[in-house]
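The lines below spell out each chain.
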Amino acid sequence: MSLININIKKYYNNFGLTCDFSISNGITGIFGPSGSGKSTLLNALAGFIKPDLGQISIQSQSFFDSNKKINIPPDKRNIGYVTQKANLFPSMSVDENINYGYKKQNKIKLNRIIDIMNLNNLMEKLPGEISGGQSQKVAIARALASNPSVILMDEPLSELDLNSKLMILDYLKKIHIEYKIPIIYVSHDIAEMIAICDNVFLINRGSITKNISPTELIYENSNESDFQNIYSVVLDNEKNLKLNNQTIQINEPVENNHLTIMIPSSSVMVANIENNFLLSDNVFDGILKNIVEFDSHIKLVCDVGFEIIADISKEYYQKSNMKLNDKICVIFKSISVVISKS
Ligand code: ADP
C-alpha cells in the first residue's frame, strides 16, 4: 500500500522538478547526480518549498494540494528531517536537544530512544563537546522524539568518517526494526544506499526515471574500484560473525551482539574453482551472478549466501575465463573486515 503520494511540479529559472510517484513503507532511497532535484523534492515534502502545482499526501492526509489551496506548514506535517549537518542547538545539552520536540503523547519512549542510540553517556554534554558521528546520532534521536510519521534523511552520513558511518547505519537499522517508521534516504554513496535501503528511485534532471532494487545501483554508476560491501551482522562468538547462514571471521574480538561491518571490494578475491584446497580465514563457495565492466576494472557480483562485490582487473578477468553463473570461490582476509565501533 502506498504511504506517500507525490505528484508535483516546481519550476526555477533553469530547473524544473516534475515528480509523480508513490512510496511504500520501508527505507526508500532517492539517488541521482548533484543538481538532479533530490533536496528540492525533500524540501517540498517537508513543506519548506511550495510546489507550483500538484498534490502531496502522507498516510492519506493531504499536505499540499494546489487545486484545493492546501499547504500545511512544516511544523504541522509531523515529518522528521535529518541533514548533512546535525544542526543541534549549541547552547542546549544533548538531553535538552532531544527533548526539544518531544511530544508527551508519543508512543515512542524517550528512554528507549536513548538506549537504542547508546546516548546515555552523552546526555549532559553540549554539542561542541561531542564528535560529528555522535552529533548525527543526537540529530536522529531528536527527529525520532518528535514522533514523526516519516523521516527524511538528506546525505546524513556524508561528512562522517567510515567508523561513524558504519555505526550510524547500524543504529538506523535498529531504529527501523523497532519503530517501522518509513524513511526517505538521499545519498550519493552507492554502498550506503545498498546497505540501508529496501527500494530505490533514480532521479535525473528533476524527474524520477526508474524504481530499482538497491543492488542494481552498481550498474547505474560505480566506476570507482573501492566499493564498500556493508552488512549488518550478528555476533556468533567473539571472533565469528553470522551473516545469513554464513560465518565471517574477524581479526579482533568484539562484544556487541549486532554490528555493521565493511569489506572493501578491492580486498575480495574471486577464483573460478571450488575451495577444497584453499586455506584462508574467509573462503566461501558460490555463484557468479553478474559481471559489470567499467573503464578501469570489472566488478563481479557473487552470491555466497550473501551478496558480495569484488573488483578485479581486466587482465585477470580475461585470464580467468570466468562466465556468468560459474561456480566460484570468494576469499577475503579477516584483517580486511572493518568493524563499526560505537
Ligand atoms: P540535488 O539535491 O539533487 O543536488 P537540488 O534539489 O539542490 O539538487 O537542486 C536542483 C536544481 O534546482 C539545481 O539546479 C539548483 O540550482 C536549482 N535550485 C534549487 N533551489 C533553487 C532556488 N531557490 N532558486 C533557483 N534554483 C534553485
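Residues numbered from 1 in each chain as written. Predicted model: local features only at pLDDT ≥ 70, side-chain atom pairs only at ≥ 80, totals over all residues. Heavy atoms only, no water.

Student: Can you break down helix α5 (residues 162–179) residue by residue, with the values?
Tutor: Because each turn of an α-helix spans 3.6 residues, side chains separated by three or four positions in sequence point in the same direction. If you check α5, its first and last C-alpha atoms are 26 Å apart, about what 18 residues at 1.5 Å a residue would give, namely 26 Å. Within the span of α5, buried status applies to S164, K165, L166, M167, I168, L169, D170, Y171, L172, I175, H176 and Y179. Between the side-chain oxygen of the N-cap and the backbone nitrogen of N163 there are 3.2 Å, and the N-cap of α5 in question is D161. Phi turns positive one or two residues past the end of α5, at K180, with a value near 55°. (Helix = DSSP H or I, 4+ residues; strand = E, 2+ residues; numbered from the N terminus. Expected span 1.5 Å × (residues − 1). Buried < 20%, exposed > 50% of the residue type's maximum accessible area, 1.4 Å probe, protein only. Polar contact = N/O pair within 3.5 Å; in protein donor to acceptor, adjacent residues only side chain to side chain.)

Student: Any chance you could break down the sheet that holds strand β21 (residues 338–339) for me, citing the residues and the numbers?
Tutor: Taken in spatial order, the 5 strands make up an open sheet running β14-β13-β12-β15-β21, and their pairing is antiparallel. Sheet topology places β14 (246–249) and β21 at the edges, where each strand pairs with a single neighbour. Summarising the sheet, strand β12 (residues 228–237) and strand β13 (residues 240–243) pair through 3 bridges and their orientation is antiparallel. By the bridge assignment, L235 is partnered in β13 with L241. (Pairing = 2+ DSSP bridges.)

Student: So what about the domain arrangement of the protein chain? Which residues, and what values?
Tutor: Domain parsing of the protein chain yields domain 1 (4–220) and domain 2 (228–339). Contacts between the two partners involve 15 residues from domain 1, matched on the other side by 17 residues from domain 2. In total, domain 1 and domain 2 occlude about 1200 Å² of area from one another, counting both sides; carbon and sulfur atoms represent 65% of this. Among the residues domain 1 hides against domain 2, the three largest losses belong to L166, I218 and Y219. Together they make up 43% of the total. Across the domain 1-domain 2 interface, the total number found is 0 salt bridges. For the side of domain 1 that touches domain 2, the elements supplying multiple residues, two or more each, are α5, α6 (190–196) and α7 (217–220). Examining the composition of the side of domain 1 that touches domain 2, we find that 8 residues originate from one element, α5, more than from any other. Here the side of domain 1 that touches domain 2 is built from residues that sort into 7 nonpolar, 2 polar and 6 charged. (Domains from an automatic or database assignment. Contact = heavy atoms within 4.5 Å. Buried area = accessible area lost by both parts, 1.4 Å probe. Salt bridge = Lys/Arg side-chain N within 4 Å of Asp/Glu carboxyl O. Nonpolar A, V, L, I, M, F, W, Y, C, P; charged D, E, K, R; others polar.)

Student: Break down the site of the ligand for me, citing the residues and quoting the values.
Tutor: Around the ligand lies a shell formed by Y12, F15, P33, S34, G35, S36, G37, K38, S39 and T40. G35 is positioned such that a nitrogen or oxygen atom in its backbone is 2.7 Å from an oxygen atom of the ligand. Backbone polar atom of S36 to an oxygen atom of the ligand: 3.1 Å apart, as the coordinates give it. Across the complex, the protein chains shield 56% of the 570 Å² of accessible surface that the ligand would expose by itself. Of all the elements, helix α1 (residues 38–46) adds the most residues to the shell around the ligand, at 3 residues. Grouping the constituent residues of the shell around the ligand by class yields 3 nonpolar, 6 polar and 1 charged. (Near = heavy atom within 4 Å. Areas by Shrake-Rupley, 256 points an atom, 1.4 Å probe, with all protein chains shown as cover.)

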